[in-house]
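What the coordinates show
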Amino acid sequence: LAFSINTEEALAQAFIIKGIAYKNFNNDSSFIFYSKALKIVESNKIEALRPKLYYNIAMVYLAASDYKMAIIMLDSTISIARITRDFALLSNAYN
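Residues numbered from 1 in each chain as written. Predicted model: local features only at pLDDT ≥ 70, side-chain atom pairs only at ≥ 80, totals over all residues. Heavy atoms only, no water.

1. So, the nonpolar core
L53 and I57 are the most contacted members of the largest nonpolar core, which has 28 residues in total. Going through the elements one at a time, α2 (8-22), α3 (27-44), α4 (50-63), α5 (67-84) and α6 (87-94) are the ones with two or more residues in this core. Take this core: its biggest share by element is seven residues, from α4. Apart from residues lying up to four places away in sequence, L53 is in contact with I16, Y34, A37, L38 and V41. (Core = buried A, V, L, I, M, F, W, Y, C linked by side-chain atoms within 4.5 Å. Buried < 20%, exposed > 50% of the residue type's maximum accessible area, 1.4 Å probe, protein only. Helix = DSSP H or I, 4+ residues; strand = E, 2+ residues; numbered from the N terminus. Contact = heavy atoms within 4.5 Å.)

2. A short note on α4
With 14 residues, α4 extends 20 Å from end C-alpha to end C-alpha; this agrees with the ideal 20 Å at 1.5 Å per step. Within α4, 10 of the 14 residues are buried, which leaves it mostly tucked inside the rest of the structure. Taken together, the buried positions of α4 are R50, P51, L53, Y54, Y55, N56, I57, A58, V60 and Y61. Packing partners of the buried residues in α4 comprise α2, α3, α5 and α6. Positive phi appears at S65, one or two residues downstream of α4, with a value of about 65 degrees. (Expected span 1.5 Å × (residues − 1).)

3. Topic: the confidence of the model for the protein chain
Put simply, the protein chain has an average pLDDT of 91, and 95% of its residues get 70 or more. When pLDDT is averaged over each helix and strand of the protein chain, the minimum, 59, is found for helix α1 (residues 2-5) and the maximum, 96, for α5. (pLDDT = per-residue confidence, 0-100.)

4. Re the pattern of salt bridges
Two side chains that carry opposite charge are able to pair once their charged atoms sit near each other. Throughout the structure, instances matching the rule amount to two salt bridges. Between E42 and R50 there is a salt bridge, with its nearest N and O atoms 3.7 Å apart. Among the residues examined, E42 registers a relative accessible area of 38% and is labelled partly exposed. For R50, a relative accessible area of 12% gives the class buried. Across the salt bridge formed by E47 and R50, the nearest N and O atoms sit 3.0 Å from each other. In this structure, a network of salt bridges that share partners links the residues E42, E47 and R50. (Salt bridge = Lys/Arg side-chain N within 4 Å of Asp/Glu carboxyl O.)

5. Side note on the packing of α2 against α3
For the pair α2 and α3, the least separation of the axes is 8 Å and the interaxial angle reads 160 degrees. Taken together, α2 and α3 sit at an angle that is classed as roughly antiparallel. Here α2 runs over α3; the crossing is left-handed. For the pair α2 and α3, the contacting residues are E8, L11, A12, F15, I16, K18, G19, I20 and Y22 in the first and N27, S29, S30, F33, Y34, K36, A37, I40, V41 and N44 in the second. Counted by class, the contact of α2 with α3 contains 11 nonpolar, five polar and three charged residues. (Axes fitted to C-alpha atoms, helices over the stretch in contact; angles between N-to-C directions. Parallel < 35°, antiparallel > 145°, perpendicular 65-115°, else oblique. Left-handed = near helix turned anticlockwise from the far one by under 90°. Nonpolar A, V, L, I, M, F, W, Y, C, P; charged D, E, K, R; others polar.)

Dropping the structure here:
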């Protein structure tokens, strides 16, 4: 579907959704899809997807007990969520 819409944002969203779908069953696959989405988001400057994507990646690191990387990603999430005034995401990142 994302390929038929033919936008980078739709493709990034599709990878994020696949990452979410795998998060409870296979963190490695989830991380791969999030990484693909992050590459698209960063190369195309799709800022609206960045904070939630950072949060999702932080949760994968947390599940893998990589606390250092989880904190780095959560810190990035918090920085952007403050600027965009996304209080729900800010609350999640602090919890």
